[in-house]
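Structure assessment
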Amino acid sequence: MRVRTLTGGLAAVLVLAGPLLNGPAEAVPSAGTAPRQVAVDVLTYDASRAGEFKAAVDRGAAIWNESVESVELRPAGSGESADVRIVADDGWPRSVPSSQGGGTVYLGREAMDQGYYAIRVAAHELGHMLGLPDRKAGPCSDLMSGASAGLSCTNPYPSAAEKAQVERNFEGAPAGALLGRS
C-alpha cells in the first residue's frame, strides 16, 4: 500500500475521531505545517502485446508504483492511447523511449530463454521509460545494471538512488505535461 494512501486514511480517521475524543475543536491549518502535496503524473501502458510477459509487466509497474510518489504506471483503459507500449518479441529486451514517460518496451524472449528473471527485466525496461539510463557494470542492487548483474540476480527493485532520480525526473511536472509528450 502506498504511503499517500496510508497517511490520507490516517488523517481522515483522526479528523473524524477528534470530536469524539476531545470534544468539538476548530482546526486552522498553518502554512508551515501543511503536508506537502505531490503531483502524481499518471503514465499508461498497454501490455496487450506482451504475450507471456504480461504478468511480469504488471508486477514491474507495481514495483515502481510502490517505490516512487511522483509518477504512477497504470494499464491503459479500453480504447485509450497508451504512453508506453509493451511488445514481446524474439530478440533481446530493449526500450525505445520517444520521450520521458513514453515509448515502446520490447521484452525479448532471448534473455528469458537464457534465464534472466522476467520481472527484473520488465521493471528495468520500465525504468528507461521513467528516464533512467543503463548502469553497466553494476551490482544486483542497482535495477538499471540490467544483464551486467548476471543471471543469478533476481532483484526487481530500484535502488534508493534510482528512486530519487525518478522523483527528480517527474518532480514539479504537471500531470500529463512532461517534456516531449503529446
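So, a few notes on the structure that sits alongside this text. (Residues numbered from 1 in each chain as written. Predicted model: local features only at pLDDT ≥ 70, side-chain atom pairs only at ≥ 80, totals over all residues. Heavy atoms only, no water.)

So, about the packing of helix H2 (residues 54-67) against helix H4 (residues 118-129). Direction vectors running N to C along H2 and H4 enclose 55 degrees, while the axes themselves pass 8 Å from each other. As the angle between them shows, H2 and H4 are arranged oblique. Two packed elements cross with a definite hand, and for H2 against H4 that hand is right-handed. From H2, Ala-56, Val-57, Arg-59, Gly-60, Ala-61, Ile-63 and Trp-64 reach across to H4, where they touch Ala-118, Ile-119, Ala-122, Ala-123, Leu-126 and Gly-127. For the contact of H2 with H4, the residue count by class is ten nonpolar, two polar and one charged. (Axes fitted to C-alpha atoms, helices over the stretch in contact; angles between N-to-C directions. Helix = DSSP H or I, 4+ residues; strand = E, 2+ residues; numbered from the N terminus. Parallel < 35°, antiparallel > 145°, perpendicular 65-115°, else oblique. Left-handed = near helix turned anticlockwise from the far one by under 90°. Contact = heavy atoms within 4.5 Å. Nonpolar A, V, L, I, M, F, W, Y, C, P; charged D, E, K, R; others polar.)

Moving on to the nonpolar core. Counting residues in hydrophobic clusters, the biggest one holds 33 residues, and the most contacted among them are Trp-64, Ile-86 and Leu-107. Taken together, the elements giving at least two residues each to this core come down to strand S1 (41-49), H2, strand S2 (71-75), strand S3 (84-89), strand S5 (102-108), helix H3 (109-114), H4 and helix H5 (160-170). The greatest single-element share of this core, amounting to six residues, is contributed by H4. (Core = buried A, V, L, I, M, F, W, Y, C linked by side-chain atoms within 4.5 Å. Buried < 20%, exposed > 50% of the residue type's maximum accessible area, 1.4 Å probe, protein only.)

On to the pattern of salt bridges. Following the criterion strictly, the structure yields six salt bridges and no others. One salt bridge in this structure joins Glu-52 and Arg-109, with 2.6 Å as the shortest N-O distance. Of this pair, Glu-52 sits in the loop between S1 and H2 while Arg-109 sits in helix H3, and the two are 57 residues apart along the sequence. Salt-bridge contacts for Arg-74 lead to Glu-72; the nearest nitrogen and oxygen are separated by 3.3 Å. (Salt bridge = Lys/Arg side-chain N within 4 Å of Asp/Glu carboxyl O.)

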